[in-house]
Amino acid sequence: MTMITTRTVTYPADGLTMVGHLALPAGADRRPAVLIGPEGVGLSDVERRRADALAELGYSAFAFDLHGGRYLADPEEMLARCMPLLGDPDRMRGIGQAALDVLRAEPRVDPERIAAVGYGTGGAVALELGRAGVDLRAIGTVNGLVTGRPGEAANIRCPVWAGVGSEDPIMAPAQREAFAAEMQAAGVDWRLVVYGGALHAFHHPPVDHPAVSGVGHHPRHAERAWRDVLGLLAECLPVTA
């Protein structure tokens, strides 16, 4: 296993003090980097481990925070914060840009070679960075197929990969179709993978607290989605020796 270093980074965003997780590969050179956004419940060890795994592959990675260092295990509290956030592109962009600024400021990061990968609300944040015209090499979103303001998808300047479960009631077929129509009309280089039989947040290991309806882990598709994310990064943001 490649040696990596990790540290907690605090930074301001959305009127809160966010607490993110930075993972860096061995060495002293600048590396391609990945911004990682969490599900609506907030940053957890799931995203921290993903950042660590990417660092082991040679990326600098930053898993960002949504809720000021809190993990919202109560579904009602999570929805009360996330639903207004998802309806406010400017707030999502502010959260994403603040995290991106942290990543770009890290000396081990090549600021010209950054991708954003997010899950659920974190995926919506990644897409809003693209719609804001941020220079990214790739955007990946898993069960976060949120459409934006009319015409702004034309600002996306990189390939977009999206994954969703076929049985996800939150990202239902109509939502998938709207997302696909938005990407296509904007001329984006986009892909959508539908994982058969999977629910919302299928990539996320089971949790020991209540979850919103329609959420469920699908181990095989979770592994496939991770491989698809790695494939996106290998294509658009390859690690060179």
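Cut-offs applied
- The residue count restarts for each chain, going from 1 along the sequence in the order it is written.
- Two thresholds apply to this predicted model, a pLDDT of at least 70 for residue-level local features and 80 or more for giving and counting side-chain atom pairs, whereas whole-chain, interface and lining totals are computed over all residues.
- The side-chain figures draw on all heavy atoms in the structure; neither hydrogens nor water molecules are used.
- Note on conventions: DSSP H or I runs of at least 4 residues are helices, E runs of at least 2 residues are strands, and numbering of each starts at the N terminus.
- Relative accessibility decides the category of a residue: with a 1.4 Å probe and only protein chains considered, values under 20% of the type maximum give buried, values over 50% give exposed, and everything between is partly exposed.
- Any pair of N or O atoms that falls within 3.5 Å is considered a polar contact. Within protein, one atom must be able to donate a hydrogen and the other to accept it, and sequence-neighbouring residues count only if both atoms are side-chain atoms.
- Contact between two residues is taken to exist if any of their heavy atoms lie within 4.5 Å; hydrogens are not considered.
- Only the contacting stretch of a helix is used when fitting its axis, a line to C-alpha atoms as for every element, and angles between N-to-C directions run 0 to 180 degrees.
- Between 65 and 115 degrees an angle is taken as roughly perpendicular, under 35 as roughly parallel, over 145 as roughly antiparallel, and anywhere else as oblique.
- We call Asp, Glu, Lys and Arg charged. Ala, Val, Leu, Ile, Met, Phe, Trp, Tyr, Cys and Pro are nonpolar, and the rest, Gly among them, are polar.
- Between any two strands, pairing holds if DSSP finds at least two bridges.
- By convention, a crossover is right-handed whenever its connection, traced from the first strand over the helix to the second and viewed with the strands pointing away, goes clockwise.

With that settled, consider the side chain of His-21. Here His-21 shows up in strand β2 (residues 16–25). According to the relative accessible area criterion, His-21 is buried, its value standing at 10%. Polar side-chain contacts of His-21 include one of 2.9 Å to the side chain of Asp-52. When sequence neighbours within four positions are dropped, the list of residues in contact with His-21 reads Thr-6, Arg-7, Leu-43, Arg-48, Ala-51, Asp-52, Ala-61, Phe-62 and Ala-63.

What follows is about the packing of helix α3 (residues 89–105) against helix α4 (residues 121–131). When two helices pack together, their arrangement is captured by the angle between the axes and the distance separating the axes. Two elements in contact, α3 and α4, have axes separated by 8 Å at closest approach and are oriented at 95 degrees. Put simply, α3 runs roughly perpendicular to α4. Of the residues in α4, those touching α3 at Pro-89, Met-92, Arg-93, Gly-96 and Gln-97 are Ala-124, Val-125, Glu-128, Leu-129 and Arg-131. Here the contact of α3 with α4 is composed, by residue class, of 5 nonpolar, 2 polar and 3 charged.

A large share of strand β7 (residues 160–165) lies buried, amounting to 6 of its 6 residues. With 4 bridges joining them, strand β6 (residues 138–142) and β7 adopt parallel strand pairing. By the bridge assignment, Gly-140 is partnered in β7 with Trp-161. Where β7 meets strand β8 (residues 190–195), 6 bridges bridge the pair, whose relative direction is parallel. Looking at β8, one finds that Val-160 is bridged to Trp-190. Handedness of the crossover joining β7 and β8 through helix α5 (residues 173–186) is recorded here as right-handed.

Any link to function would need more than the numbers given here.
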